[in-house]
Every structure is written in structure tokens, then in C-alpha cells.
Amino acid sequence: MKNVLMLAAVAGLVGVGLHSSAQTSVPKSCFVYVGPVGDIGWTFAHNEARLLTEKAIPGLETKFVESVPEAQAMPTIDKLVGDGCKVVFTTSFGFMDQTLEAAKKYPDVIFAHTSGYKRAPNMATYMADFYQIYYLNGMMAAALSKTGKLGYVGAFPIPELKRHISAFALGARAVNPKATVNVKWINAWFDPVKAREAAESLISEGAEALAFTEDTATVVQTAAKKNIPVFSHYNSMYKFGPDVVVSGQLVHWEKIYIDFMKKVVAGGYNTKSLQNVDYWWLLREKAVELGAQNGMPINPKFMARLKAVSITVAGKKTNVYDRVMALNADMSSAKPTFDPYTGPIMDRNGILRVPAGKVASIGDLNSMGWVAPGVLGEIADEPAK
Amino acid sequence: MRFTPLLNPSRWRTLQVSSLAVIVALLIVGIVFALSGVNPLTAYWEMLRGTLLDSRGLAEVARRMIPLLLIGAGLTLAFRAQFFNIGAEGQLLFGAMAAGAVALFLPITPLTLPLMFAAGALAGGGLALLAAWLRQRFAVNEILSTLMLNYGAFYLMLYLIGGPWKGKNVRGFMYSDEFAAGAQLPMIPNTLVHYPTLVLAILLAIALQILLTRTTLGFELRVVGENSSAAKYAGLKTSSIVTIMALITGGLAGLAGVGEVAGIHHRLLEPGQISLGYGFTAVIVAWLARGNPGLTLLTAPLMAVILAGGDVLKISLNLPFRIVDVFSGVMLLCLIASEIFITNKLVWSRAVKPTGSGGAS
């Protein structure tokens, strides 16, 4: 009986969906992906978000194109616009210039570009960033290691990664002032072989916990084999190492997509109003989440060990578990009081980067060349001054 | 059932068998379409409609054809001389890097673009020459050396754009700065077709055909390829012929690289985004053309239709992006497998009666 009711309800919903699509004009929205939807990282997350957005906005029709090389963004957009797309999301930094060009070429189409900085009256930018979560992960990583030696597998030395690695190191040093983060670059977003080599060499060099920014689950799998605590990246990788995944960062691009599309449907966002629309969404907006998997901020298996490590915050004694949960709650609240990039912060060469009492601006964070103290290993184009 | 060798397979037979191989490939890919839930006829119709019957689609075909034609024409020559150059990807990247060096570090003059093409051809040719030299000097198999040099070129480019050539205005991402306007090729408006490279490619394909069939060098090259000991016996300088041939095949791939960066990207970027597998797809172009540079004028557009058509399938029917690779893979496989039917006749009788050589029949 219950099932029948459910079915009826679903049928009703579908009916409503069809009905409203015929009546209101929800613009057809199309997504240009840089990778295959089957990676366990970036493109997979955008595609999941697309599906959730479709569910959330009645009558929304979407389309996607996967693995679009940078040279082909323009022809792909041409084709999508020809197929009736009125909103186009381009989800890679490398699509920036071509998206801007397309915005000029198709003034009646709304564009939104991920992770870039160029905008137009009909082109917005958006980004969901993890730096706050990396800070929390750094705290936990340091608490779980005896020596404070941590390892980090990075894709490319771009500002996004420097921001993540530095936040991780700052968090680690908040728990253990002697903590170090050894970084290995694999110069690829998707290269399981190199990721494994990097993770293994970090472990053999003494790393007692691993974090990473690249688009595979390899580091988690490698850590699971060696029983080393690890932090999952982008999507939940808990299932690849339920005994070793402490926590990690999860993304919810749908928060941005749904908000954006609601405003498009309502008319607030149109082809004239996007010049200053730049989403920089963090924990507060729920675009990102601390966790080994959805709803599990910290793997319960590590709770006791994290509670056993005490730290002093503003003269008060607490433990790492409680502190991480408190900071997570604060940064997820409507008015966060804490930011990992609150000055004074020196870079690892002793140059003052964020003055006392100031918080690094979005612009600073987006063009970060320097890295925080404690980060070891070669960093390409680290500013000397 | 057995094969009996044909001494002099006719051109007509080559054409027949090759066309049949292409048709078999289309049938096999049709099965793949059906398995992924798309009516093969719909898929092929979409491909055709989105490429040849649509102005934007045609532009895409032309854009894909440029590097395929340049590299393919050069490869036919190399294959004719039995030099199996699998390194066009790397040679293309070397061409792109040389063009980048000229565009980024030399003063921009009206001669910048010609200089970029010259530098690119030299760089690509130089890389192929290295493999040719290794073969002549140390008998290193050129299939392996050219293939391995692809990785060398790939990582050299990554090093350059992540290090010394990294742009100032790229926010830490791995790109060079944008080329100045004087180092960018003109386009057919509203397309990505850099027509100077297209014209150059067509002229070179014709020139190579003339070189191969109407000149002494072409004759020598064919002799070296078909029977190197005979060539030596006849007193031909094998080494200098192979050198010239390597310079041409690598040089054309280098030109393709120049066209891609000066025409489309206007900067250096992650190497995989520039070469896009053109160097490998062009092997099929050359193979289909059976060693005739002129015929690549037909086979390059064919492969370009498949590449551009694959994109159409990706967009219109949401087929997985690997469909293009499946397509070219099946095509190459069928062509290679068909080779035996060109040089052999299928005889259905059971009796063993050797024809051609040996026993009188």
C-alpha cells in the first residue's frame, strides 16, 4: 500500500514536472566538462550536482558534454547554443578565455565559468573552495602523527593548491608547532600511477598522515594498504579505506547551481546583470563540507585518538576533536568568526604575507604564489619578495 | 580455404579492399552504437548532419583536417621509405615549442609568422632526424625511439610552461603568456580555421606527391623503402635519403604544431591539449592513403569527419567521449587486417596448388 502511494506521489511529481516545463520558461542549461563524468573527482562532482539541480528546479532541462579539450570549448559552445542552450556552465579554468569570447558572441545566452576571474554582463564566475577544511584536516593530521611529519600529493603548483597546502600546514602547526608538510607534485590531475608512487615515497620518507589534491582515490588506496591516516578529497573516498580515512573535503556544487538557476528563473540573473556576480562559496554557504563522507565529519574510529590530544586555545584547554568540531560549526554558521588566513601570517621564507588583524582577500587567495611555514619540497615560482 | 599471394595487386584491388575495410569498420562501430543504446542509423545520420551538412560542422572538419593532412602527408613519405615514425605527437609539440619561442622571445615583425613556421619545421624535423640517426648509427628501432621521444617532448613542454616560460598573467596556472597579435594566424571569421595553414597543408601534400612520383629523389626513396639492399647495390646514398625523409616527415608534423598554437591556442599550454592525438590519428590517414601523399587530401578529411563527428555524437547523443577512440581504433584494425587481402587472393578450394612461384600449373 505504501509503495502504491509512493508510486502515485512520484507519478504526480513527474506530472507536475512535465506540466510546469510546458508552462514556465526554465532555460535549457548545458554543462561543458573538462574530464570524463566517470572520474571520482572534479567532473563527477559537477555532474552529480547537475542531476541534483535538475531535480530541484522543476522543468529544468540539462545537457552535458564530457572530456572537452581546451581547444574545443568554442565549437562545443557553438553547438550547444545551436541546440537551444540558454545557460552554459563551463567547468574548467582553461575554458576562461573562450567562455568570455562566447559571451560576446552570444549576448542572449547566460554563461558561468568555474574558477576563473573574467566576467561580462552575461558571464558570471563561481567557485566552491576547500581551504577552511584543509586547515581542519591539517589539525587532525598533526594530532594523529607522533613526529608531525605529514605528506601531501599535489597535482600542479597553482594558487588553488598552494592555498590548500598552506592551510593544511597552518592547521597542522596550530596543533604541533614543529609539524611539516612534505609535498610531492605529480603534474597531472588524473594519473593513478604517479599518485601511487608519490604517496609511497612520502610514506617511505616518514610521513605519518597523507592529504592530497588530485582527481583519483589512489592516495587513499595506498594509505589503506600501509595503514596510514589519510584525508579524502573531493568526493567521499571513505569506502576505499574505512579504517584509514579520518575526514576530508566534500563538494556540493549543486548549492551554487541551484541558487544560480533559481535567480535566473526569477529574472534577477539575466544577460545584463552578471558583471559582478562571483560566487566564492565556502562552508558557510554549505557548498563544501568537512567529512569522510556526507554526514560524517570525522570517522568515529579516530574520535578517541583525536580527543586524547589536548591543545590550548586562547588560554583554555581543549582537545583536537572538540576544537575541529567547534571551528567547523563556526565557519559553517551564518557569521563565521574564524578564518585560517587571519594575520599575522609569514610565508616559509619569513616574509609577512597577511598583516596582523587582516584576513587574506579572495584576490590574494586566488593568486597565491607563496606557501606557509612548514611546507617542504620544491614549489614552482615561489615569489622571492 | 587458403591465401595465395598476388605478385602485382592492382590499384583497383587496393581501393576495393580498403573501401570494404572501412565499411566493415562502420558496421562494427554500428554494433558498438547499438550496444550503447543508440540506433546506428541515427548515430551515423547525426554524424553526417553535424559535420558535412552544417556550416559550423564543416568548419570543425576543416580545423581537424589541417594537422591530419600535414602530418599524414609527411607520414606517407616516411612509410614509403620504411621509416615507421610513430612520433608525430612529439614532433608536433616540438614545432609548437619552437613557434612559442619565436612568438614569446623575439621581437614581433611582419616576418614573425613565417619564422615561426620555419622554426617549427626545423624543430619537428630535428626530432625525427634524431630517431633516424639512432637507427642508422646504432640500429635503434625507430618505432620505439620515436614513440619514446613523444614522452620527452611532452615533459619538456610541461617543464617550460611550468617553469621558465610560465606566463606572467596566468595566476600561477601552467600556461605561457598569450602570443602578440603579430604572432597569431588569421582565421576564417567565426570559425577556428586558420586558413594559411590549411593552404600550406594542401600545397605540401601535392608537392610531396610530385616529389615522390616525378623526381629522382622520390624514386630513390621508393627504392630504399622497397629494397634497401638493392638500393645499396645500386649505389644510392641510403643515409642521406633517410635524413631528408626524416626532416620532411618530422618537419610537417612540426608545422602542424605551429598551426595549432599560432592559429587556435595563441599560447603554449598543457601538451596533451595541443597534440590531441593528431599524431596517432594521422597514422591512419597515411595508412589509408597507401603511401600516396596526394591521397591524404581525401583520407585526412575522412578522419576529420570521424573526429568532428565523434564530438557531435558526444554532444547530441551524449555518447561517452571514448567513442572517437573506439572509432579510430576499429578503423585502423580493419585496415591493417585487410592488408592481407590486397596482396593475397583468397582461394576456396582445398587442393594445394601453389600459383605464381614454384610448380607449373
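Residues numbered from 1 in each chain as written. Chains lettered and ligands numbered in written order. Predicted model: local features only at pLDDT ≥ 70, side-chain atom pairs only at ≥ 80, totals over all residues. Heavy atoms only, no water.

Caption draft 1: Main features of the pairing of strand 10 (residues 245–251) of chain A. Residue and element names in this part refer to chain A. Of all the 7 residues making up strand 10, 7 are buried; the element is thus mostly covered by neighbouring parts of the structure. Strand direction decides the pairing type here: strand 9 (residues 230–234) and strand 10, joined by 5 bridges, are parallel. What sits directly across from Tyr-234, in strand 10, is Leu-250. Relative to strand 12 (residues 288–290), strand 10 runs antiparallel, the two being bridged by 3 bridges. Note on strand 12: the bridge partner recorded for Leu-250 is Glu-289. (Buried < 20%, exposed > 50% of the residue type's maximum accessible area, 1.4 Å probe, protein only. Helix = DSSP H or I, 4+ residues; strand = E, 2+ residues; numbered from the N terminus. Pairing = 2+ DSSP bridges.)

Caption draft 2: Inspection of the sheet that holds strand 2 (residues 62–65) of chain A at higher detail. Residues and elements named next belong to chain A. The sheet built from 6 strands is open, its strands ordered 2-1-3-4-5-11 with parallel pairing. Both edges of this open sheet fall to strand 2 and strand 11 (278–281), since each of them pairs with a single strand only. Strand-to-strand twist in this sheet, taken as the mean axis angle between neighbours without regard to direction, amounts to 15°. (Axes fitted to C-alpha atoms, helices over the stretch in contact; angles between N-to-C directions.)

Caption draft 3: The arrangement of the confidence of the model for chain B in detail. Residues and elements named next belong to chain B. Overall, the predicted model of chain B reaches an average pLDDT of 90, with 97% of residues at or above 70. By mean pLDDT, the top-scoring element of chain B is helix 4 (residues 88–105) (97), and the lowest-scoring one is strand 2 (residues 344–347) (82). Within the model, pLDDT remains below 50 along residues 356–361, and this stretch shows 1 contact once partners closer than five positions in the same chain are excluded. (pLDDT = per-residue confidence, 0-100. Contact = heavy atoms within 4.5 Å.)

Caption draft 4: Layout of the packing of helix 12 (residues 278–288) of chain B against helix 14 (residues 323–343) of chain B. Residues and elements named next belong to chain B. Viewed as axis vectors pointing N to C, helix 12 and helix 14 meet at an angle of 35°, and their least axial separation amounts to 10 Å. Crossing geometry of helix 12 relative to helix 14 is assigned as left-handed. Within the contact between the two elements, helix 12 uses Ile-284, Trp-287 and Leu-288 and helix 14 uses Ser-328, Met-331, Leu-332, Leu-335, Ile-336 and Glu-339. Residues belonging to the contact of helix 12 with helix 14 are distributed by class as follows: 7 nonpolar, 1 polar and 1 charged. (Left-handed = near helix turned anticlockwise from the far one by under 90°. Nonpolar A, V, L, I, M, F, W, Y, C, P; charged D, E, K, R; others polar.)

Caption draft 5: Up close: the interface of chain B and chain A. Contacts between the two partners involve 32 residues from chain B, matched on the other side by 34 residues from chain A. Buried area between chain B and chain A, both sides added, is near 2800 Å², and the carbon and sulfur share of it is 58%. Per-residue buried area on chain B facing chain A is highest for Arg-171, Phe-173 and Ile-315 of chain B; these three make up 25% of the total on that side. Linking chain B with chain A are 1 salt bridge, by the criterion used here. The salt bridge involving Arg-267 of chain B is made with Asp-97 of chain A; its shortest N-O contact spans 2.9 Å. Where chain B packs against chain A, one counts 11 residue pairs in polar contact (both at pLDDT 80 or more). Those elements giving two or more residues to the side of chain B that touches chain A turn out to be helix 3 (55–80), helix 6 (142–162), helix 10 (238–265) and helix 13 (296–316) of chain B. Here the side of chain B that touches chain A gets 5 residues from one element, more than from any other, and that element is helix 13 of chain B. (Buried area = accessible area lost by both parts, 1.4 Å probe. Salt bridge = Lys/Arg side-chain N within 4 Å of Asp/Glu carboxyl O. Polar contact = N/O pair within 3.5 Å; in protein donor to acceptor, adjacent residues only side chain to side chain.)

Caption draft 6: How the structure looks around the state of the cysteines. Residue and element names in this part refer to chain A. Applying the stated criterion across every chain yields a total of 1 disulfide over all chains. For Cys-30, the disulfide goes to Cys-85, at an S-S distance of 1.9 Å. Given an S-S torsion of about -80°, the disulfide between Cys-30 and Cys-85 has left-handed geometry. On the criterion of sequence distance, the pair formed by Cys-30 in strand 1 (residues 29–32) and Cys-85 in the loop between helix 3 (73–82) and strand 3 (87–90) is long-range, its members being 55 residues apart. When sorted by exposure, Cys-30 lands in the same class as Cys-85, which is buried. (Disulfide = S-S within 2.5 Å.)

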